[in-house]
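An overview of the molecular structure
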Amino acid sequence: MNIVWFRRDLRVEDNTALYHAMSSEQPVVAVYIATPLTWSEHNKAPLQADLVYRRLEVLQRELAALNIPLLFHEVESFTDSAKWLASFAQQTGAQAVHFNKEYEWNENQRDALLQETASCIVVGHEDKCLFSPGSVKNKQGEYFKVFTPFKRAYLAKFYQHQLDIKQVEPQVVMPQSKLLSEYLFSVQSTFSYPRENSEAYPVETKQVRQRLRDFCHERVDAYKQQRDLPAIEGTSGLSAYLAIGVLSIRQCIARLQYGTGDNFGEGRETWLSELIWRDFYQHLLHFEPKLSKGLNFVPWTQNVTWFENEDWLSAWQQGQTGYPIVDAAMRQLNQTGWMHNRLRMIVASFLTKDLHLHWHHGEQYFMQRLIDGDYAANNGGWQWSASTGCDGQPYFRIFNPITQGERFDPDGEFIRAWIPELKSVPNKYIHKPWLWADVNYLSYPQPIVDHKSEREITLRLFQEAKDQI
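First, a word on what this report is: a plain description of the structure on this page. These numbers were taken from a predicted model, which means no experiment stands behind them.

1. Thoughts on the sheet that holds strand E2 (residues 28-34)
The parallel open sheet is built from five strands, whose spatial order is E3-E2-E1-E4-E5. A single partner strand is all that each edge strand has here, and the edge strands are strand E3 (70-74) and strand E5 (121-125). This sheet shows a mean twist of 25° between the axes of neighbouring strands, independent of strand direction. As paired elements, strand E1 (residues 2-6) and strand E4 (residues 96-100) share four bridges and run parallel to each other. The partner of Ile-3 across the bridge, within E4, is Val-97. Strand contacts of helix H3 (residues 46-64): E1, E2 and E3, with the helix running at about 150° to E3, the strand carrying the most contacts.

Now the structure itself:
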């Protein structure tokens, strides 16, 4: 038989590993291995763990309709998962193990260990990106270190590319092994990782596809104009499904293209650009293992001096900085496990440029809470904001939390939704309530720092670091 190892690709349609495993005409068995110790070390959010937990039950039903059993096992770590799967494959006489590649360092080490220890064929498939790492390079044959030329080369390849959404039919030959019954899926009794309620996100395939259809039919054409406005539903809301692989990038692009003819439109082009950003960060992980080890992409920025202030970090985490747009965004994250993308940039800039706290603090906090936590995108976004990363924001371009709020939440609608203490503040003062005459009646903190002063400090810290080259 063939084994398909599911990880962050929890879907039947357009699953490359599943497709190739079933193409061999051997009976197929699916396996999912929980690794709570490694998940904890990687700061997996309990909210995302619950989404995975719920999705696995759907995946089991959908695989059962293909006559494929989904087996569940739990071990402590990635290393243990590779060793267990190698042993399981040997005991069952499996001919091959198929999986879809992941590009983080620990994941690569896990898969390499399986390759070394398994007695059967082990096949890793390119599935996560539309174009695999190494297939989009510059004229010198090197990977791109800046997004814009990467996107240009990507699109040139894209417009000559035929999308291939892989479909599978039910298998006729059922796998036979006494061992299979020992691991028949029982997630309720064996999924030990902490979970938080993710019911706001449906997990049935039809519901998820409908969300994709609704976005592409109703909102994507206005995406360029509305995506930066947190008070309205202007984004796709699909990032959680991309993070755990309920949707593939190919499915998203196929729906984006559906019925457009030659008129793609700027809204669709802008969302496609966001999908390309996700692939860009995946490619970077492949070529730069140091990104998975907590290091900065730009070497000289390792010299930047960061502050250590637990009170400032706590105020940022709890949405108590005194800057309304920052605090509203952090409260949205804490209460929902999601944050609007524009706000992610604002709060990241504030942590690193106004509070001078290391981006690691923000990266970790986000992963612990985001339902759509994805290491590549999260790391890339934080390093971009901190001006330490690939194609990073220049260190002298520092977001002003007041003007950012005035620009993207002009009437304070988003702020008032998440900070009830400010509901009575007039629009004129909603982004700087400390100037309001009745400020003493508010149960809302004064700004913990002065942005103008901290901006000057940031410029000095980065210049000092750069002078050490």
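Read on for the rest.
2. Considering the pattern of salt bridges
Inspection of the entire model under this criterion finds 27 salt bridges. A salt bridge links Lys-166 to Asp-164, with the shortest nitrogen-to-oxygen separation between them at 3.4 Å. For Asp-164, a relative accessible area of 42% corresponds to the partly exposed category. Linking Glu-456 and Arg-455 is a salt bridge whose minimum nitrogen-to-oxygen distance equals 3.6 Å. A relative accessible area of 28% means that Arg-455 is categorised as partly exposed.

3. A closer look at the nonpolar core
Counting residues in hydrophobic clusters, the biggest one holds 127 residues, and the most contacted among them are Tyr-32, Leu-63, Trp-271 and Trp-316. Ignoring sequence-local partners within four residues, the contact set of Trp-316 consists of Thr-321, Val-326, Met-330, Val-347, Phe-350, Leu-351, Leu-355, Gly-362, Tyr-365, Phe-366 and Trp-382. Counting 23 residues, the second-largest nonpolar core is a separate cluster that includes Trp-5, Val-29, Leu-85 and Leu-114.

4. Quick notes on helix H11 (residues 249-257)
Where H11 is concerned, the buried positions are Ile-249, Arg-250, Gln-251, Cys-252, Ile-253 and Leu-256. Looking at the buried side of H11, the elements it contacts are helix H1 (16-23), helix H6 (147-158), helix H8 (205-219), helix H10 (239-244) and helix H12 (265-287). Note on H11: the residue one or two positions beyond its end, Gly-259, has a positive phi of about 75°.

5. Quick word on the packing of aromatic side chains
All chains considered together, the criterion is met by 33 aromatic pairs. Ring geometry for Phe-72 and Phe-191: centres 6.2 Å apart, planes at 25°, overall stacked. Of this pair, Phe-72 sits in strand E3 while Phe-191 sits in the loop between helix H7 (187-190) and H8, and the two are 119 residues apart along the sequence. Centroid distance Trp-316 to Phe-366: 6.4 Å. Interplanar angle 15°. Geometry classified as stacked. Within this pair, whereas Trp-316 is found in helix H13 (residues 310-318), its partner Phe-366 is found in helix H16 (residues 359-369), the two being separated by 50 residues in sequence. For the pair shown, Trp-316 and Phe-366 are each scored as buried. Aromatic rings pair up to connect Phe-131, Phe-144, Phe-147, Phe-150, Tyr-154, Trp-277, Phe-280 and Tyr-281 into one cluster. In this arrangement the basic side chain of Arg-110 is found over the ring face of Phe-78, its NZ or CZ atom lying 4.6 Å from the centre. Directly above the ring of Phe-297 sits Lys-290, whose terminal nitrogen or CZ lies 5.4 Å from the centroid.

6. Regarding empty space enclosed by the protein
Evaluation of the coordinates by the stated rule reveals three cavities of 30 Å³ or more. Residue lining of the largest cavity: 19 residues in total, with Arg-8, Asp-127, Lys-128, Leu-242 and Leu-247 positioned closest to the centre. When residues of the lining of the largest cavity are assigned to their parent elements, the largest contribution, four residues, is made by H12. Considered class by class, the residues forming the lining of the largest cavity number four nonpolar, four polar and 11 charged. When residues of the lining of the second largest cavity are traced back to their parent elements, those giving at least two are H12 and helix H17 (375-386). Across the lining of the second largest cavity, the residue classes tally to eight nonpolar, four polar and no charged.

7. Considerations on the packing of helix H14 (residues 324-336) against H16
Running from N to C, H14 and H16 point in directions that differ by 40°, and their axes come no closer than 9 Å. With respect to each other, H14 and H16 are oriented oblique. Residue-level contacts link Met-330, Leu-333 and Asn-334 of H14 to Tyr-365, Phe-366 and Arg-369 of H16. Class assignment for the residues of the contact of H14 with H16 results in four nonpolar, one polar and one charged.

8. Focus: the pairing of E2
Of all seven residues in E2, seven are buried; the element is thus mostly enclosed. In E2, alternate side chains face the same way, and those of Val-28, Ala-30, Tyr-32 and Ala-34 on one face and Val-29, Val-31 and Ile-33 on the other are all buried. As defined by bridge partners, E1 adjoins E2 across five bridges and the pair is classed as parallel. Among the inter-strand pairings, Val-4 is bridged to a residue of E2, identified as Ala-30. Between the parallel pair E1 and E2, the chain is carried across by H1, and the sense of this crossover is right-handed. Taken together, the five bridges between E2 and E3 define a ladder with parallel strand orientation. Bridge assignment links Ala-30 to a residue of E3, and that residue is Leu-70.

9. Observations concerning the layout of surface pockets
The space that makes up the largest pocket amounts to roughly 1,200 Å³. For the largest pocket, the lining is made up of 46 residues, of which Tyr-223, Arg-227, Glu-274, Trp-277 and Asn-341 are closest to its centre. Mapped by element, the contributors of at least two residues to the lining of the largest pocket are H6, helix H9 (223-226), H10, H12, helix H15 (341-354) and H17. With 12 residues, the single largest contributor to the lining of the largest pocket is H12. Considering only residue class, the lining of the largest pocket consists of 21 nonpolar, 12 polar and 13 charged. Within this model, the second largest pocket holds a volume of roughly 650 Å³.

Rules used in this analysis
- Residues numbered from 1 in each chain as written.
- Predicted model: local features only at pLDDT ≥ 70, side-chain atom pairs only at ≥ 80, totals over all residues.
- Heavy atoms only, no water.
- Pairing = 2+ DSSP bridges.
- Helix = DSSP H or I, 4+ residues; strand = E, 2+ residues; numbered from the N terminus.
- Axes fitted to C-alpha atoms, helices over the stretch in contact; angles between N-to-C directions.
- Contact = heavy atoms within 4.5 Å.
- Salt bridge = Lys/Arg side-chain N within 4 Å of Asp/Glu carboxyl O.
- Buried < 20%, exposed > 50% of the residue type's maximum accessible area, 1.4 Å probe, protein only.
- Core = buried A, V, L, I, M, F, W, Y, C linked by side-chain atoms within 4.5 Å.
- Phe/Tyr/Trp six-rings, centres within 6.5 Å; stacked < 30°, edge-to-face > 60°.
- Lys NZ or Arg CZ within 6 Å of the ring centre and 35° of its normal.
- 1 Å grid on protein atoms, 1.4 Å probe; cavity = no way out; pocket = protein on both sides within 12 Å on 5 of 7 lines; lining within 4 Å.
- Points joined across faces, edges and corners; volume = space filled by probe spheres on them.
- Nonpolar A, V, L, I, M, F, W, Y, C, P; charged D, E, K, R; others polar.
- Parallel < 35°, antiparallel > 145°, perpendicular 65-115°, else oblique.
- Right-handed = clockwise from strand over helix to strand, strands pointing away.

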